[in-house]
Amino acid sequence: MRVELTELTRIYESPIGSLWITADEKGLTGLSFSRPEDIGQGYSSCMQSILDRTVGELAEYFADKRSFFDIPLHIIKGTPFQRRIWQVLRQDVNYGETISYVQEAILAGYPRACRAAANANHANPIAIIIPCHRVIAASGKIGGYGAGIEKKRFLLDLESGSENKNK
């Protein structure tokens, strides 16, 4: 009999509230501000290791001691367009920087898709680590955030005061 492992979930109490972290054997699959639809039932030491690493890196991030994340991601949701948007966020928008939704769409190769880019941000399965909070309105206003503007402001403020943290 073969037992299939699914995802494992942990709750991390951050300075901006509870974060639900999910992982499977390949990597981090989710980080959200609300309870995932399906709570994982499976378990493996690999999953536990990924969750432990995620909690550690998040603790360093919130302590203003980390500016990037090394956790392996396993994105299991999203259209090809959404995945491209999330890739742009991870690769092209550095810690402490912001870009507009228009710039994000251009970087993704879809210059006329700024609304679709904003929708992709809203569907982001791995908050903070895929930094959709770094995308603001072209006017310079903060724009929207699925978890609430106050959380987006907190994250932007946290990142704007630090430079050159590479650990």
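Criteria and cut-off values
- Residues numbered from 1 in each chain as written.
- Predicted model: local features only at pLDDT ≥ 70, side-chain atom pairs only at ≥ 80, totals over all residues.
- Heavy atoms only, no water.
- Axes fitted to C-alpha atoms, helices over the stretch in contact; angles between N-to-C directions.
- Helix = DSSP H or I, 4+ residues; strand = E, 2+ residues; numbered from the N terminus.
- Parallel < 35°, antiparallel > 145°, perpendicular 65-115°, else oblique.
- Contact = heavy atoms within 4.5 Å.
- Nonpolar A, V, L, I, M, F, W, Y, C, P; charged D, E, K, R; others polar.
- Buried < 20%, exposed > 50% of the residue type's maximum accessible area, 1.4 Å probe, protein only.
- Arc of directions from axis to C-beta.
- Phe/Tyr/Trp six-rings, centres within 6.5 Å; stacked < 30°, edge-to-face > 60°.
- Salt bridge = Lys/Arg side-chain N within 4 Å of Asp/Glu carboxyl O.

Chemist: So what exactly am I meant to see when it comes to the packing of helix α3 (residues 101–108) against helix α4 (residues 114–122) here?
Modeler: Packed helix pairs are characterised by how far apart their axes lie and by the angle those axes make with each other. One can describe the packing of α3 onto α4 by two numbers: an axis separation of 8 Å at closest approach and a directional angle of 95°. By the angle between their directions, the pair α3 and α4 is classed as roughly perpendicular. Along its contact with α3, which presents Y101, V102, E104 and A105, the element α4 presents C114, A117, A118 and N121. Broken down by class, the residue content of the contact of α3 with α4 amounts to 6 nonpolar, 1 polar and 1 charged.

Chemist: Before we go on, may I ask you to explain α3 in this structure?
Modeler: Note that an α-helix has 3.6 residues per turn; residues three or four places apart therefore point the same way. Looking at α3, one finds that the buried residues are Y101, E104, A105 and A108. The arc enclosing the buried residues of α3, seen along the axis, measures out at 95°, which places them on a common side. Considering only its buried residues, α3 is in contact with α2 (80–92), β4 (99–100), α4, β5 (135–136) and α5 (149–160). Just downstream of α3 lies G109, where phi reads positive at about 90°.

Chemist: Whenever I open this one, unusual backbone geometry confuses me. Can you help?
Modeler: Most of the time, phi is negative for any residue but glycine, and the peptide bond is trans. In the Ramachandran plot, D64 falls in the positive-phi region, its phi being about 65° despite a non-glycine side chain. With respect to the helices, strands and loops of the structure, D64 is situated in the loop between α1 (45–62) and α2. Unusually for a residue other than glycine, I128 sits at a positive phi of about 70°. Checked against the element boundaries, I128 lands in the loop between α4 and β5. Residue class for I128 comes out buried when judged on its relative accessible area of 1%.

Chemist: Looking at this structure, I do not really get the environment of Y145. What am I missing?
Modeler: Relative to the assigned elements, Y145 resides in the loop between β5 and α5. By relative accessible area, which is 13% here, Y145 ends up buried. It is 8.4 Å that separates the C-alpha atoms of Y145 and N121, two residues lying 24 residues apart in sequence. Discounting chain neighbours no more than four positions away, the residues touching Y145 are F33, A127, C132, H133, K151, K152 and L155.

Chemist: How should I be thinking about the packing of aromatic side chains in this particular structure?
Modeler: Given two aromatic rings, one states the distance between the centres and the angle between the planes to describe the pair. Applying the stated criterion across every chain, the model contains 7 aromatic pairs. Summarising the aromatic geometry, the rings of F62 and F154 are spaced 6.3 Å apart at their centres and angled 45° between planes, so their arrangement reads as tilted. Here the residue F62 occupies a position in helix α1, and F154 occupies one in helix α5, the gap between them amounting to 92 residues. Consider the rings of F81 and Y110, whose centres lie 4.9 Å apart with planes at 75°: the pair is edge-to-face. Of the two residues, F81 is situated in helix α2 and Y110 in the loop between α3 and α4; the sequence distance between them amounts to 29 residues. For F81, a relative accessible area of 18% gives the class buried. Since its relative accessible area comes to 40%, Y110 is described here as partly exposed.

Chemist: How should the pattern of salt bridges be read in this particular structure?
Modeler: Should the charged atoms of two oppositely charged side chains come close, the side chains can pair. Across all of its chains, the model carries 7 salt bridges by this definition. Its salt-bridge partner being E57, residue R66 comes within 3.7 Å of it at the nearest N-O pair. Of the two residues, R66 and E57, both sit in the buried class. The residue R66 makes a salt bridge to D70 at a minimum N-O spacing of 3.7 Å. Assessed through its relative accessible area of 8%, R66 is described here as buried. Classification of D70 by relative accessible area gives partly exposed; the value is 43%. Where salt bridges share partners, they join R53, E57, E60, R66 and D70 into one cluster.

So far we have only geometry, and geometry alone does not tell us how the molecule works.
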